[in-house]
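What follows is the residue order along each chain.
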There are 2 protein chains.
Amino acid sequence: MKKGIAHTTEEAIQPVATEAYLPGLSVDNVIFGFHADQLKVLLLECRNRKDWMLPGGYIRKDESVDDAAKRVLQDRSGLKNVYLQQFSVFGETRRTKESVMRSAMKSLDITFKDGDWFNQRYVTIGYYALVEFEKVKPTPDTFSVSCAWFDLNALPTMIFDHKEIVEQALVALRQHLHYKPIGYSLLPSTFTMKSLQAIYETILQRKLDRSNFNRKMLSLGILEKKEKLFTGAAHKAPYQYSFNKKEYFRLLKEGFGMPF
Amino acid sequence: MKKGIAHTTEEAIQPVATEAYLPGLSVDNVIFGFHADQLKVLLLECRNRKDWMLPGGYIRKDESVDDAAKRVLQDRSGLKNVYLQQFSVFGETRRTKESVMRSAMKSLDITFKDGDWFNQRYVTIGYYALVEFEKVKPTPDTFSVSCAWFDLNALPTMIFDHKEIVEQALVALRQHLHYKPIGYSLLPSTFTMKSLQAIYETILQRKLDRSNFNRKMLSLGILEKKEKLFTGAAHKAPYQYSFNKKEYFRLLKEGFGMPF
């Protein structure tokens, strides 16, 4: 059995055959979390290198592309059943580089041969995930030495086209805001309107008018206002909201009404 | 040199090496045209079979995924520089079937071996194209005997998951209507509001209110009303419109304003 790409799950950390994977294809996940009124993205620090990469992986011959993305997400974050959306394919001829692959795989039990597919250009399928920051257990994989959150406006140097993949994930999110609600998987069960607005502002990369945002958001019928608890300073505390799950998921599925 | 997949351009109809292509990956184009107030889709009739398929192809090792989709579109329609949008990846484990591949390739100069990638599951990347119906020259490829337009509500039996790919292309178009204009590449240079409304109605799969549609569409600022030519019956003829190309492409790039 030729040794090659390693499984990234803890129970199977030893290298397995590259033949177990679809050649020339990978998934990369842009995992967004929301913390301290900022959208953050989860990245891996490459082994033997100074740069960072997206959590990604190859696709087993016996699994679907979507299932590969779910597996990567679970292995790197510890989370299952999270909002995960395929958004674009990255397939330029020069997107991956042999020198990067060689250094990233150095010290792993992999023998490089000319013509190995993982040593040539491969195509990657981009997904974005929206996760609750506090619930994530960042976990490096075989090719990385650490796993950490970064602010979207302070990304480190990244390999290949991974920074472009993050940017395109944001573009996709921005487009999806036109017809889908967002926030459920990013926020705790109760939250302030200010937090929800901060998510929109990060994705749209501009400030929004507070009262206009409140009015539009409430008109969607997906928010429930919580009773204020009486405390001495209660009149200063902002209202807490939660999502009406039924309405939220109905809109997520059916989309907002068209203007026509 | 192992013989295998054939080029589909006329100048290179003879089989070429399967090694020239990325293994396990293809593109499939859902080509939409608008004719007689209906959206139609361009399909190929499989050689040696009773069913139909989307115009598709494999990706050369020296070309990007997007360029492969453009090549397929040009080879099947004769059109260049057409609106072409990647919309989803189809990667289920059982999506392609060996028996279908074998019959489709029968009578071509291809030797099947166990383990050939084109004989196993491969992943396809879906694109949709919006083309001007009258300008298309439907052209079959090596694997097909004819190329023809079908009404979206009267699709023939199709191989693999190709019918689902058409349906998902429509879902994607429907979502894109929320933030992008449509029609420029589907309509001739002048057209009636009724034709434009018919495109929206086909995509949304419901009837729209005429005066509401007119008002919303004119408010986008992308339409120019043409002067009516004076003829005896001119007062009965509907107004003709054309797109303001500059505004149309600005909106296509920047998207409609968010409601927030």
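The structure displayed is predicted, hence computed values, not measured ones.

Enquirer: Residues and numbers for the relation of the copies chain A and chain B, please.
Expert: Think of it as a corkscrew move, a rotation about one axis and a shift along it, taking one chain copy to the other. Least-squares fitting of chain A to chain B yields an RMSD of 0.0 Å, with the transformation described by 0.0 Å of translation along the axis and a rotation of 180°. Both copies are brought into coincidence by an operation consistent with a two-fold rotation axis. Interface overlap between copies: 100% of the residues of chain A at the interface are likewise at the interface in chain B, consistent with a symmetric, same-surface contact.

Enquirer: Give a detailed account of the sheet that holds strand β8 (residues 191-192) of chain B, specifying residues and quantitative values.
Expert: All names here are of chain B. The three strands are arranged β8-β10-β9 in an open sheet whose pairing can be described as antiparallel. The strands lining the two open edges of the sheet, one partner per strand, are β8 and β9 (223-225). Note: β8 against strand β10 (residues 240-243), two bridges, orientation antiparallel. Of the residues in β10, the one forming a bridge with threonine 192 is glutamine 240.

Enquirer: Please provide a residue-by-residue account of the pattern of salt bridges, values included.
Expert: All names here are of chain B. Scanning all chains against the criterion turns up 20 salt bridges over all chains. Of the charged contacts, one joins lysine 40 and aspartate 151 as a salt bridge, the two residues approaching to 2.6 Å between their closest N and O atoms. Of this pair, lysine 40 sits in strand β2 (residues 38-46) while aspartate 151 sits in strand β7 (residues 144-151), and the two are 111 residues apart along the sequence. Overall, lysine 40 belongs to the buried group, its relative accessible area being 15%.

Enquirer: Just give me the short version of the domain arrangement of chain A, but keep the residues and values in it.
Expert: All names here are of chain A. Under the domain assignment, chain A is made up of domain 1 (9-161) and domain 2 (193-254). Every contact between the two is made by five residues of domain 1 and, on the other side, seven residues of domain 2. Counting the surface lost from both domain 1 and domain 2, the interface buries some 510 Å², and carbon and sulfur atoms represent 71% of this. Counting the surface domain 1 buries against domain 2, the share from its top three residues, Phe34, Asp37 and Leu39, is 77%. At the junction of domain 1 and domain 2, the tally comes to one salt bridge. Lysine 194 serves as the salt-bridge partner of aspartate 37, at 3.1 Å between the closest nitrogen and oxygen. The interface formed by domain 1 and domain 2 contains one residue pair in polar contact (both at pLDDT 80 or more). Counted by class, the side of domain 1 that touches domain 2 contains four nonpolar, no polar and one charged residues.

Enquirer: Give me the packing of helix α4 (residues 193-204) of chain B against helix α5 (residues 210-219) of chain B: which residues, what numbers.
Expert: Residue and element names in this part refer to chain B. Two elements in contact, α4 and α5, have axes whose closest approach is 11 Å; the angle formed by their N-to-C orientations is 95°. Taken together, α4 and α5 sit at an angle that is classed as roughly perpendicular. Contacts between α4 and α5 pair Met193, Leu196, Gln197 and Tyr200 from the former with Arg210, Phe213, Asn214, Met217 and Leu218 from the latter.

Enquirer: Explain the interface of chain A and chain B to me, and be specific about the residues and the numbers.
Expert: Contact residues are listed per partner, giving 37 residues for chain A and 37 residues for chain B. Each partner contributes to the roughly 3100 Å² buried at the junction of chain A and chain B, and carbon and sulfur atoms together form 65% of this total. Inspection of the region where chain A meets chain B yields zero salt bridges. If you list the elements that add at least two residues to the side of chain A that touches chain B, you get β1 (21-35), β4 (56-60), β5 (83-90), β6 (123-131), α3 (162-176), α4 (193-204) and α5 (210-219) of chain A. Broken down by element, the residue count for the side of chain A that touches chain B peaks at four residues, all from α5 of chain A. Of the residues contributing to the side of chain A that touches chain B, the split by class is 19 nonpolar, nine polar and nine charged.

The rules behind these values
- Residues numbered from 1 in each chain as written.
- Chains lettered and ligands numbered in written order.
- Predicted model: local features only at pLDDT ≥ 70, side-chain atom pairs only at ≥ 80, totals over all residues.
- Heavy atoms only, no water.
- Least-squares fit on C-alpha atoms with pLDDT ≥ 70 in both.
- Contact = heavy atoms within 4.5 Å.
- Pairing = 2+ DSSP bridges.
- Helix = DSSP H or I, 4+ residues; strand = E, 2+ residues; numbered from the N terminus.
- Salt bridge = Lys/Arg side-chain N within 4 Å of Asp/Glu carboxyl O.
- Buried < 20%, exposed > 50% of the residue type's maximum accessible area, 1.4 Å probe, protein only.
- Domains from an automatic or database assignment.
- Buried area = accessible area lost by both parts, 1.4 Å probe.
- Polar contact = N/O pair within 3.5 Å; in protein donor to acceptor, adjacent residues only side chain to side chain.
- Nonpolar A, V, L, I, M, F, W, Y, C, P; charged D, E, K, R; others polar.
- Axes fitted to C-alpha atoms, helices over the stretch in contact; angles between N-to-C directions.
- Parallel < 35°, antiparallel > 145°, perpendicular 65-115°, else oblique.

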